[in-house]
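Descriptive analysis of the structure
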Amino acid sequence: MKRFFAPLLSLCLTLSLAACAAKPAPEALSDAVAETPQAAAPTVSETPRDGENSGAPQNSEPQFLVARAQYPEMAQYDEKNYEPWYLERAARGERYQPDSAALSGFLTAALPRLLAGAEGENRVCSPLNLYMALAMAAETCDGESRAQLLRLLGADSLESLEARADTLWNANYCDDGTAVSILAGSLWMHNDAPCREDTARTLQNVYHASVYRGDMSDPRYTQALRDWLNEQTGGQLKNAAENVSLDAQTVLELMTTVYFRARWLSRFDAADTSPETFHAPGGDIVCDFLHDDWADYWVYRGNRFLAVQQPFENAGNMWFLLPDEGVTPEELLSDADALTFLCSGADIDECEWYCGKLALPKLDVTSELELSDTLKALGVTDVFDAARADFSPLFESAAGVTLSEVQHAARLSMDEEGVTATAFTAMGYGAGGPQNEMDFTLDRPFLFQISFDDATPLFVGMVNHP
C-alpha cells in the first residue's frame, strides 16, 4: 500500500536529565568519543523548501562539538538516468522493513493519550520520533527504569530494541533529491559529565547522534543547543525551542529530530483556492480551501469514519480521516477500527477507487504538550523518581539523576504545493481508472496520518479548526 509523505516534516526529541543540587559534577567524556570522524551531517539548510532560505542558523555550535554523526549517502534522482536512484530505493525498501506488529502495542497505547484532551483545539504529534527518543532513553538507564521503557516500546531486550531502532531509522531516512526525511540526534553533555563511552558510541552508531560538551550554565551553550534544534527543524518551531534551556542542574540533554518534506503528486492550482465554511466545535469559521474539481483517490470506509488518501511525489501518502456526522475525532480515538487505521493505515485491497471533487482546508496548526504525566500513565515512572531512577549505563556516578520534563511541540502546514510538518520533544534529560464518483469536502473536525514507510506513522494529528 502507498503511504503519505509530507513536504517538510521535522521533529525533535530532547531528553533532559537533571541531577539533584547536591550531586557532585562527574568526570569528563572519554577522548575516544572525540576521535570519531566528524562527517558533515545533512541539515535543513542544505535542503531549503523550493529554494527558499530555511531561516535556520548556520554553523552555530562547532565550538562545543565533540563528534558529529555520520549519515548514509544516497543516489540522487536524475530523470535522465534514474536507474541508480530507483535500484537503491528498491534495495533499501527490501532491506529495511519495519515490523508494524511490534510497534502496535506502543502506538495503540500512546496515540489516544497524545491526542486526547484537545478540548476543541488542534493536536499534532510524531509517534515515530517519540518512540526513537524513548528508545534512546532506554540506552541510558538500567534495572526497572529500563524494563518499564522496554515494556512500553514492545521490546524484550535492549538488543532487539536496537535492531528495531536501526531498521526504523533507515526505513524512514531519505535525502535523494526527490524527498527529504532526515532523522537526527544529539547528546549535550556537561563539561565534567562522566558519560560512559560504550553508551555514547551506541547513541552515535544506532541513533546517529552527535555529541556536544560544554558548561551547562553558559548561555552560549544553551543558544548553541537552540540553534541546532532550529537548524534541524527548519526554524519552524522557534518559539517552542526558546523553552528548551540548560542550567546548572542539568546533567545531560538528549535530543532527536525528524525533518520531512515532499510535494503532492498532483499539485492544487492556487487559482482554484477559495474560501469555504469549516464547521469547528466553537462555531463555523471561513477559511481557504484547496480544490480539485476532478480528483481521483483511494477511499477507506471505516466503522464510523471515511478516510481519503492524498498521494505525494515519490514519497507516500497522507490520509484524512473524516468522522461520520455526529461523531467527533475524540470519539474515534476509542474506536478500534479508527485507532488501528491511525497506527498502520489500510491495505489498498481494503479500499475503493473514486473520482470527484476534492476540497481540503489550508492548514497551519500548532500544538505544545508536556508528556511527563502521559509517560507515567503509560507505565514509565521510575525515571522520574530520584530514589528509583537508574542511569548507571550512562553515568559512572548516577545517584540523584532523574528525568525532569518531557516537552513535545509540533506544527503542520498544508498548501497547494504540499505539507510541511515540524515537531520536537524535549525531556528536561501512508490504480486503475475511475469507477465510482464521490465528492469529498473536509469541512468539519478530522484526524490525519502521515507515514514515510509502509508501517510507521511519522505524524498523527487532530484538526478542530484550520
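About the thresholds
Residues numbered from 1 in each chain as written. Predicted model: local features only at pLDDT ≥ 70, side-chain atom pairs only at ≥ 80, totals over all residues. Heavy atoms only, no water. Patch = residues over 30% accessible without salt bridge, like charges linked within 9 Å, V, L, I, M, F, W, Y side chains within 5 Å. Areas by Shrake-Rupley, 256 points an atom, 1.4 Å probe, with all protein chains shown as cover. Salt bridge = Lys/Arg side-chain N within 4 Å of Asp/Glu carboxyl O. Buried < 20%, exposed > 50% of the residue type's maximum accessible area, 1.4 Å probe, protein only. Helix = DSSP H or I, 4+ residues; strand = E, 2+ residues; numbered from the N terminus. Pairing = 2+ DSSP bridges. Contact = heavy atoms within 4.5 Å. Polar contact = N/O pair within 3.5 Å; in protein donor to acceptor, adjacent residues only side chain to side chain. Core = buried A, V, L, I, M, F, W, Y, C linked by side-chain atoms within 4.5 Å. Expected span 1.5 Å × (residues − 1).

1. Some thoughts on a nonpolar patch on the surface
A contiguous nonpolar surface patch, about 440 Å² in accessible area, is contributed by Tyr 77, Tyr 82, Tyr 86 and Leu 87. Of the residues examined, Tyr 77 reaches a relative accessible area of 35% and is grouped as partly exposed.

2. Regarding the pairing of strand β16 (residues 418-427)
Where a strand is regular, its side chains alternate between the two sheet faces. Counting buried residues in β16 gives 10 out of 10 residues, a clear majority hidden from the surface. With 4 bridges connecting them, strand β7 (residues 250-263) and β16 associate as antiparallel partners. Each bridged residue has a counterpart across the sheet, and for Arg 263 the counterpart in β16 is Gly 418. When strand β15 (residues 407-414) meets β16, the two strands line up antiparallel, connected through 8 bridges. For Met 414, the partnering residue across the bridge sits in β16 and is Val 419.

3. Focus on the environment of Leu 153
Take Leu 153: it is sitting in helix α5 (residues 143-153). Taking the relative accessible area as the measure of exposure, Leu 153 reaches 0% and is therefore buried. C-alpha separation for the pair Leu 153 and Leu 134, spaced 19 residues apart in sequence, amounts to 7.9 Å. When neighbours within four sequence positions are excluded, Leu 153 is seen to be in contact with Ala 102, Phe 106, Tyr 131, Leu 134, Ala 135, Leu 161 and Arg 164.

4. Let's talk about the environment of Arg 267
Position of Arg 267 among the secondary structure elements: in the loop between β7 and β8 (274-280). Aside from chain neighbours lying at most four places away, what touches Arg 267 is Glu 313, Glu 416 and Glu 417. In this structure the side chain of Arg 267 is engaged in a polar contact, spanning 2.8 Å, whose partner is the backbone oxygen of Trp 264. Side chain to side chain, Arg 267 and Glu 417 meet in a polar contact 3.3 Å long.

5. Notes on unusual backbone geometry
Of note, His 208 is a non-glycine position whose phi angle comes to about 55°, a positive value. Counting through the fold element by element, His 208 comes out in the loop between α7 (197-207) and β6 (209-214).

6. Quick notes on the side chain of Gln 407
Structurally, Gln 407 can be placed in strand β15. What makes Gln 407 buried here is its relative accessible area of 18%. Those residues in contact with Gln 407 that sit more than four places away from it in its chain are Asn 243, Val 244, Leu 369, Glu 370, Phe 424, Thr 425, Ala 426 and Met 427.

7. Observations concerning the nonpolar core
In terms of nonpolar packing, the biggest core is built from 152 residues, with Met 318, Leu 412 and Phe 440 touching the most fellow members. Here this core takes 9 residues from helix α4 (residues 127-140), the largest share from any one element. Not counting residues within four places of it along the chain, the set of residues in contact with Phe 440 comprises Tyr 297, Leu 306, Val 308, Phe 320, Leu 322, Lys 357, Leu 358, Ala 359 and Leu 360.

8. Let's talk about α4
Look at α4: 20 Å from first C-alpha to last across 14 residues, which is about the 20 Å you get at 1.5 Å a residue. The element α4 is largely enclosed, with a buried count of 14 among its 14 residues.

9. Remarks on the pattern of salt bridges
Overall, the coordinates contain 14 salt bridges when judged by the stated rule. Across the pair Arg 220 and Asp 218 runs a salt bridge whose closest N-O atoms are separated by 2.9 Å. Residue Glu 325 is joined to Arg 444 by a salt bridge in which the shortest nitrogen-to-oxygen separation is 3.4 Å. Using a relative accessible area of 17% as the deciding quantity, one classes Arg 444 as buried. Among the charged side chains, a salt-bridge network with shared partners connects Arg 267, Glu 313 and Glu 417.

That is the geometry; function is a separate question.
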